[in-house]
There are 4 protein chains.
Amino acid sequence: MKVSVIGATGYTGVELVRLLNEHPNIELSLLTSNSFAENKIDEIYPHLKEEVEIICHKLDIEQIVTNSEVVFTALPHGVSMDIVPKLVNRGVKVIDLSGDYRYQTLATYEEYYQKHASPQLLSQGVYGLPELNRKKIKDSNLVANPGCYPTVSLLALAPLLKTGLIDPQSIIIDAKSGATGAGRKLSLGTHFCEVNNNFKAYKVGQHRHRSEIEEKLSIWSKQEVKLNFTPHLLPVKRGILATIYADLTDDIAELELFKQYQNHYQEELFVRVREDNMPELKYVAGSNYCDISLKVTDGNKVIIVATIDNLIKGSAGQAVQNLNLLAGWEEDLGLKKVGLYL
Amino acid sequence: MKVSVIGATGYTGVELVRLLNEHPNIELSLLTSNSFAENKIDEIYPHLKEEVEIICHKLDIEQIVTNSEVVFTALPHGVSMDIVPKLVNRGVKVIDLSGDYRYQTLATYEEYYQKHASPQLLSQGVYGLPELNRKKIKDSNLVANPGCYPTVSLLALAPLLKTGLIDPQSIIIDAKSGATGAGRKLSLGTHFCEVNNNFKAYKVGQHRHRSEIEEKLSIWSKQEVKLNFTPHLLPVKRGILATIYADLTDDIAELELFKQYQNHYQEELFVRVREDNMPELKYVAGSNYCDISLKVTDGNKVIIVATIDNLIKGSAGQAVQNLNLLAGWEEDLGLKKVGLYL
Amino acid sequence: MKVSVIGATGYTGVELVRLLNEHPNIELSLLTSNSFAENKIDEIYPHLKEEVEIICHKLDIEQIVTNSEVVFTALPHGVSMDIVPKLVNRGVKVIDLSGDYRYQTLATYEEYYQKHASPQLLSQGVYGLPELNRKKIKDSNLVANPGCYPTVSLLALAPLLKTGLIDPQSIIIDAKSGATGAGRKLSLGTHFCEVNNNFKAYKVGQHRHRSEIEEKLSIWSKQEVKLNFTPHLLPVKRGILATIYADLTDDIAELELFKQYQNHYQEELFVRVREDNMPELKYVAGSNYCDISLKVTDGNKVIIVATIDNLIKGSAGQAVQNLNLLAGWEEDLGLKKVGLYL
Amino acid sequence: MKVSVIGATGYTGVELVRLLNEHPNIELSLLTSNSFAENKIDEIYPHLKEEVEIICHKLDIEQIVTNSEVVFTALPHGVSMDIVPKLVNRGVKVIDLSGDYRYQTLATYEEYYQKHASPQLLSQGVYGLPELNRKKIKDSNLVANPGCYPTVSLLALAPLLKTGLIDPQSIIIDAKSGATGAGRKLSLGTHFCEVNNNFKAYKVGQHRHRSEIEEKLSIWSKQEVKLNFTPHLLPVKRGILATIYADLTDDIAELELFKQYQNHYQEELFVRVREDNMPELKYVAGSNYCDISLKVTDGNKVIIVATIDNLIKGSAGQAVQNLNLLAGWEEDLGLKKVGLYL
């Protein structure tokens, strides 16, 4: 299948290129890049030498439409919404990695992001979290790939929220992410000397991903959920670990909770419930896995710890998983890899 | 003043040596080391070459007593309690950096640590958190230097707890520490290849420091406090950042809360309340500061973010601060240093 | 094909397990571990959960022989030489990752390592550097997988040495390695707090790999080569970068030298000659590539810069490459992966 | 003494501010910053809160001249040479941290940097390497603070070069630096995700510091010295380690060479000759020390390993050392600190 990547030279874009290159059913058709047009991708990312040496071009919708069955748009939000309609309207299936089509409620998007340029497409966008939305994804022509923090948070919370075992209004998500989450764009906040050996909270209570998580949890629990969400920046490249606190609605044993997770995810290829050890970044970095464990504490609280690789399950890998669903292939085709650990 | 360090070659011990060496009123008298007896300290820690070249000896109580006005015991808990009484009973003042004399309630210590060998001294031990216990420290002959997590947590919580502005039963402490907190002892958990580029929660809900924090908060709030405490291991050497969540008891503006902190800490030399930016590890690493900021969120919760250098304000620096109090010197003598930032 | 790994829980062993698990023609038969016998491998290395859950056993030669066509021995030198003969003599092909069968000259081995327990097998051992020894490897029953430093050094030097373009007596290898090279064994030298943000030279002029490099260069240049070799420890997990200095024997342009490399390696799947940019660790980390570039300087010296991932091309990946040769498969089967870059 | 810092918000500038703030004889008078004019320095570098809260201003020569006895110029080369003459001509002593006044030969400067705007001042500039140029510095009104790589290289080479024990034409300097050496300016090359867990050589054979080292070595050895110099970028913030190779001119024992270093540096406060262990970054990071050790190898080569903290002995610390000389104070006033090690 011929697929193209729009925005191939950002960190998400190049991770897509890497994964699609290893995918047995994919032919990488076109790569576009605004900043590095007319450069070979391996000049920008020299690890690709002798593996992917495609020239990046400025975006040409006509060319893309003609040469792609599915297109990945790895663009900043706000840019995506100008381009995606032009593709979808021409009958090309799109997997969009920005925030532009993740919301059901236009007002929420516009409150947290900006005026939407193609609101009519919002309802067409299917939220691309396969474990919780598989059926709809299969038939979609526009998949809105979830944010990295929402991916890990929603997978961690769904089994207990959907069964009413936790109070939806009691949720606190204390999340820690590697620096690739901030992308390749230059800023003082990602200067090596500012990040290395440092750790900080940022956008405390104000990160956009909070609204994305809240919308989905609200739908599941049929009430307007408000939660506390504190992202932090880790001095690592890849990986997110979320430590989540919630009140149990009843006096339930740890083992019962684990059972809920096992039931919920036993058929899932990319969710691992850990009963014997807590997740660590190095168990998932480099893989499409989401690892989850938990602990019940005094006072009927549960602490859920969950991890993903933000560039894989948190973006490019999940996008490929969605592609597999769209195409009717095995869901883990091209994604069967454990992390590096070391 | 002649002071000695028992256990000088652990990470806490050598940090004490570094700080005491720069202290204008101190003469480093004796250094003891079990593992490296008869070695010069600069052979074990070569950065000390031409600065501190004292030979470490096996512990000889007689020698210590004769040659020291104050003694720092930087020993593992359980070891300290065998040695401290021999010093205190001989009239030497002791600043103990282990957990052995931090508790008022013997039962709590014995539940979280082990059988106590010198319980009669427990009541003599004064909890060495100067900002909250200054007066008692000055007159003490046995200062129990607080744990690193308790230091940052208690400084962050005291102003709101003591004024009844937060519900003591609602506290969640999500803390992240650098690897020096685990000491120099070899273990797989501190192998470079297991820590670098990794991040994990550990001892979820079960870390001993939880009981130390709970005891102090219980005293202040005159009720038995239970809290949630999750420590995490950061791939950095120094520093702790704690993100603390609590329910406000009333509808209070952020500014009012900041005022409480300003009132509480305005005379303090080592606590900085940050209204304009959130604390980061690099603002305190290498210094004796504790930095604190906060955010009020929807639903009447406050998120407090606080940082310390675990080896300085979280152990050796606070111990020197306690020494200054004991000796009647300026509290910041030998400690007036900003961090390195870079 | 059924293969087994003896010593599966060291860093090299588990990297073998990871690569063999992704290899399409391999069935992982038996894993042995001295330290973790009767544990499932994914209990020791939890990233393997749901991927490889084989139980590790104590070594049982009989069982191994019965159940394996090829065996990888990932053992410390000195241990390998006791076990390898028992396998080879029973007709099992062995790829040994220790230093025990890399030398042609017994005396050199015994000078740099120890008394050899099975010297009669030395001559049977084929040096497993495919790019320079492919033919012999194919027919071998005992492949001695090269050391990590020798792999990158020999690949970098061969084209110029074999064509007489550099003076063999002028070589200086200044090499920098990640900490996985030191293995999983606990030592102060690999404690996170001792390695992070640090950098050092070690075993200056005395590292064993020097003798391995010298032996091969001596054979190629038909004279006894002596060189200078300084290894350094980088605060990273994976990767070696070697900066190599040598005197050119003639006045040769940079372009001519590049041509030599291109000629030498144009058919090679795992060597990339970089004319446009210098190698960096992140271009090869996670892959089986060796990247090489060079610069001619005033005074007729050439500076060659070369990189590998020490765990892949420097050990487990090269071992799989050797397996592919032994088995008559495509040389890059199961190894077609670019690095992660991020 | 009132001193000012021009360019106070770069990494070198803020390190000067930190060190000068701890200096007992200094009053920080004016700080200038182009990028952050009218900001308090502790808003830009929050670790300075409650320690240094001076407002940075745009450069106003008149104000500087009126309010400073000595001025540090921490500006990019090319900018310095426009400003320094205006200060020197008004009778203010200047310690310049750029490359603009380090060269004796105008042509060399202009070959490696750019057209010089104030060449007449070149001869006034005294090379500020105290250990090798102390007398001239004391009487100077313009001190050209050496580059970081030249500082460590020249201190490592002087004792053997000046005594004729090494061949000046045989020198190879393989140097590795932390990322603070590249400054705070944004560039892809210092993006966290590009540097972390990476290592690379850069500007191979072409780094400007090579010419600075060559000029000084040429003067000392009374012949035009050409050397090989390869800088590398370490994934650490602070510190340079140089591994230097040279041919011995005679058959000399290691011990004899150490004696030369001891003789040369026995009175020096900031050079430590290590006979028992090799220098490591963590022994000097945070201090003004230069550590040196060596090894003699087969074939009459010496390998010298030397380290400094590039921000201290390699720039701001050495600048303060020069100030102490200018002012006639103890040379280590305000600089008596060991590194942090951890």
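The structure presented is a predicted model; accordingly, all values stated were derived computationally and were not measured. (Residues numbered from 1 in each chain as written. Chains lettered and ligands numbered in written order. Predicted model: local features only at pLDDT ≥ 70, side-chain atom pairs only at ≥ 80, totals over all residues. Heavy atoms only, no water.)

Q: Please clarify how the sheet that holds strand β6 (residues 126–127) of chain B should be interpreted in this entry.
A: Residue and element names in this part refer to chain B. An order of β3-β2-β1-β4-β5-β7-β6 is seen for the seven strands of this open sheet, with the pairing classed as parallel. Of all strands in the sheet, those bounded by a partner on one side alone are β3 (56–57) and β6. On the sheet, helix α4 (residues 80–88) packs against β1 (2–6), β4 (70–73), β5 (93–96) and β7 (142–144) and is oriented at approximately 160° with respect to β5. (Pairing = 2+ DSSP bridges. Helix = DSSP H or I, 4+ residues; strand = E, 2+ residues; numbered from the N terminus. Contact = heavy atoms within 4.5 Å. Axes fitted to C-alpha atoms, helices over the stretch in contact; angles between N-to-C directions.)

Q: Help me understand the interface of chain C and chain D, please; the structure alone is not making it clear to me.
A: Between chain C and chain D, the contact holds 38 residues from the first and 38 residues from the second. Both faces considered, chain C and chain D share a buried interface measuring about 3300 Å² in area, 57% of it formed by carbon and sulfur atoms. Looking only at chain C, the three residues that lose the most surface to chain D are Phe 199, Val 204 and Asn 228 of chain C, adding up to 16% of its buried area. The partner of Lys 176 of chain C in a salt bridge is Asp 174 of chain D, and the shortest N-O contact between them spans 3.0 Å. (Buried area = accessible area lost by both parts, 1.4 Å probe. Salt bridge = Lys/Arg side-chain N within 4 Å of Asp/Glu carboxyl O.)

Q: It is not clear to me how the packing of helix α1 (residues 11–21) of chain D against helix α12 (residues 312–327) of chain D should be interpreted in this structure. Could you clarify?
A: The axes of two packed helices give the description: the angle between them and the distance between them. All names here are of chain D. Their axes nearest at 10 Å, the elements α1 and α12 cross at an angle of 45°. Relative to α12, the element α1 lies oblique. With respect to the hand of their crossing, α1 and α12 are arranged in right-handed fashion. Of the residues in α12, those touching α1 at Thr 12, Glu 15, Leu 16, Arg 18, Leu 19 and Leu 20 are Ile 312, Ser 315, Ala 316, Gly 317, Ala 319, Val 320 and Leu 323. Along the lines of polarity and charge, the residues of the contact of α1 with α12 split into eight nonpolar, three polar and two charged. (Parallel < 35°, antiparallel > 145°, perpendicular 65-115°, else oblique. Left-handed = near helix turned anticlockwise from the far one by under 90°. Nonpolar A, V, L, I, M, F, W, Y, C, P; charged D, E, K, R; others polar.)

Q: Looking at this structure, how should I read a nonpolar patch on the surface?
A: Among the surface-exposed residues, Leu 186 and Leu 188 of chain A together with Leu 186 and Leu 188 of chain D lie close enough to one another that they form a single nonpolar patch of about 280 Å² accessible area. Tracing the backbone through its elements, the reader meets Leu 188 of chain A in the loop between β8 (172–177) and α8 (192–195). Given the relative accessible area of 32%, Leu 188 of chain A is considered partly exposed. (Patch = residues over 30% accessible without salt bridge, like charges linked within 9 Å, V, L, I, M, F, W, Y side chains within 5 Å. Areas by Shrake-Rupley, 256 points an atom, 1.4 Å probe, with all protein chains shown as cover. Buried < 20%, exposed > 50% of the residue type's maximum accessible area, 1.4 Å probe, protein only.)

Q: Hey, could you run me through the pairing of strand β1 (residues 2–6) of chain D in this one?
A: Here is the key point about a regular strand: its side chains alternate between the two faces of the sheet. Residue and element names in this part refer to chain D. Across the five residues that make up β1, a large majority, four, are buried. Where β1 meets strand β2 (residues 27–32), four bridges bridge the pair, whose relative direction is parallel. Its bridge partner being in β2, Ile 6 is matched across the sheet by Thr 32. What joins β1 to β2 is α1, and the crossover it makes is right-handed. Of the strand pairs in this sheet, β1 and strand β4 (residues 70–73) are connected by four bridges, and their pairing is parallel. Residue Val 5 lies in a different strand from β4, and its bridge partner there is Phe 72. (Right-handed = clockwise from strand over helix to strand, strands pointing away.)

Q: Explain the sheet that holds strand β12 (residues 271–273) of chain A to me, please; I cannot follow it from the model alone.
A: Strand pairing in a sheet relies on backbone hydrogen bonds. The paired strands run either parallel or antiparallel. Residues and elements named next belong to chain A. Read from one edge of the open sheet, seven strands run β9-β10-β8-β11-β14-β13-β12, paired in mixed fashion. The sheet is open, and its two borders are formed by β9 (200–201) and β12, each paired with just one other strand. For strand β11 (residues 240–247) and strand β14 (residues 301–308), the ladder comprises eight bridges, and the chain directions are antiparallel. By the bridge assignment, Asp 247 is partnered in β14 with Lys 301. Where helix α10 (residues 254–265) meets the sheet, its contacts fall on β12, β13 (290–297) and β14, and the angle it forms with β13 comes to roughly 160°.

Q: Sorry, what's going on with the interface of chain A and chain B here?
A: It is common to give the size of an interface as the accessible area that goes away when the parts come together. Opposite the 38 residues of chain A that make contact, chain B presents 38 residues. For the pair chain A and chain B, the summed buried surface comes to about 3300 Å²; carbon and sulfur atoms form 56% of the total. When residues of chain A are sorted by the area they lose upon contact with chain B, Phe 199, Val 204 and Asn 228 of chain A head the list and together hold 16% of the total. Taken together, chain A and chain B are joined by six salt bridges.

Q: Would you mind showing me how to read unusual backbone geometry here?
A: Residue and element names in this part refer to chain A. Even without glycine at this site, Glu 38 takes up a positive phi of about 70°. You can see Glu 38 is positioned in the loop between β2 (27–32) and α2 (41–44). Residue classification places Glu 38 among the exposed residues on the basis of a relative accessible area of 52%. Positive phi, normally seen in glycine, also occurs at Tyr 341, with a value near 65°. Among the secondary structure elements, Tyr 341 is positioned in the segment after α12 (312–327). Take Tyr 341: its relative accessible area is 5%, and that puts it in the buried class.

Q: What is the right way to read the pairing of β4 of chain B from this model?
A: Of the two faces of β4 of chain B, the one carrying Val 70 and Phe 72 of chain B and the one carrying Val 71 and Thr 73 of chain B are both buried. Between the parallel pair β4 of chain B and β5 of chain B, the chain is carried across by α4 of chain B, and the sense of this crossover is right-handed.

Q: Looking at this model, I keep getting lost on the relation of the copies chain A and chain B. Mind explaining?
A: Once chain A is rotated about the relating axis by 180° and shifted along it by 0.0 Å, it coincides with chain B to within an RMSD of 0.0 Å. Here the two chains are linked by the operation of a two-fold rotation axis. Looking at the interface residues of chain A, 100% of them are also at the interface in chain B, so both copies use one shared face. (Least-squares fit on C-alpha atoms with pLDDT ≥ 70 in both.)

Q: Looking at this structure, how should I read the packing of aromatic side chains?
A: We describe a pair of aromatic rings using the distance from one ring centre to the other and the angle between the two ring planes. Overall, the coordinates contain 36 aromatic pairs over all chains when judged by the stated rule. Look at Tyr 283 of chain C and Tyr 341 of chain C: their rings are 6.3 Å apart centre to centre, the planes differ by 10°, and that puts the pair in the stacked class. Of this pair, Tyr 283 of chain C sits in helix α11 (residues 281–284) while Tyr 341 of chain C sits in the segment after α12 (312–327), and the two are 58 residues apart along the sequence. Considering the side-chain rings of Phe 270 of chain D and Tyr 289 of chain D, the 6.1 Å spacing of their centres and the 70° angle between planes classify their relative orientation as edge-to-face. Here Phe 270 of chain D is found in the loop between α10 (254–265) and β12 (271–273), whereas its partner Tyr 289 of chain D is found in the loop between α11 (281–284) and β13 (290–297), with 19 residues between them in sequence. Of the two residues examined, Phe 270 of chain D and Tyr 289 of chain D, each falls in the buried class. Feature note: the residues Tyr 45 of chain A together with Tyr 283 and Tyr 341 of chain C constitute an aromatic cluster, connected by ring pairs. Between the NZ or CZ atom of Arg 208 of chain A and the centre of the ring of Tyr 113 of chain A, over which it lies, the distance is 4.6 Å. (Phe/Tyr/Trp six-rings, centres within 6.5 Å; stacked < 30°, edge-to-face > 60°. Lys NZ or Arg CZ within 6 Å of the ring centre and 35° of its normal.)

Q: Honestly, the UniProt feature "active site" (unreviewed entry) in chain A in this entry has me stumped. Any pointers?
A: Residues and elements named next belong to chain A. Under the local residue numbering, the UniProt record ascribes the feature "active site" (unreviewed entry) to Cys 148. Counting through the fold element by element, Cys 148 comes out in helix α7 (residues 148–162). The contacts of Cys 148, once residues within four sequence positions are left out, are His 209, Ile 240, Ile 308, Asn 310 and Gly 314. (UniProt positions renumbered as here; feature names shortened; annotations may be inferred.)

Q: Sorry, what's going on with helix α10 (residues 254–265) of chain B here?
A: Residues separated by three or four positions in an α-helix point in the same direction, a consequence of the helix having 3.6 residues per turn. All names here are of chain B. Compared with an ideal rise of 1.5 Å per residue, which puts twelve residues at 16 Å, α10 spans 17 Å between its outermost C-alpha atoms and is within 8% of the ideal. All of the buried residues along α10 are Leu 257, Phe 258, Tyr 261 and Tyr 265. Seen end-on, α10 carries its buried residues on one side only, within an arc spanning 100°. Away from the buried face of α10 by more than 90 degrees, exposed residues Leu 255 and Asn 263 are located. (Expected span 1.5 Å × (residues − 1). Arc of directions from axis to C-beta.)

Q: Would you mind going over the relation of the copies chain C and chain D with me for this structure?
A: One copy of the chain maps onto the second through a rotation about an axis and a displacement along it. The two copies are related by a screw operation: chain C maps onto chain D through 180° of rotation and 0.0 Å of translation along the axis, at an RMSD of 0.0 Å. Most of the interface of chain C is mirrored in chain D, where 100% of its interface residues again form contacts.

Q: Would you take a moment to explain the domain arrangement of chain A for this structure?
A: Residues and elements named next belong to chain A. For chain A, the assigned domains are domain 1 (2–145 + 315–327) and domain 2 (148–308). With 23 residues of domain 1 in contact, the opposing surface of domain 2 contributes 24 residues. Carbon and sulfur atoms supply 49% of the area buried between domain 1 and domain 2, which totals about 2100 Å² over both sides. Three residues, Tyr 11, Tyr 112 and Leu 132, lead the burial of domain 1 against domain 2; their summed loss comes to 30% of the area buried on that side. At the junction of domain 1 and domain 2, the tally comes to three salt bridges. Taken together, the links from domain 1 to domain 2 amount to 14 residue pairs in polar contact (both at pLDDT 80 or more). For the side of domain 1 that touches domain 2, the elements supplying multiple residues, two or more each, are α1 (11–21), α5 (106–112), α6 (130–138) and α12. Its residues assigned to classes, the side of domain 1 that touches domain 2 comprises ten nonpolar, eight polar and five charged. (Domains from an automatic or database assignment. Polar contact = N/O pair within 3.5 Å; in protein donor to acceptor, adjacent residues only side chain to side chain.)

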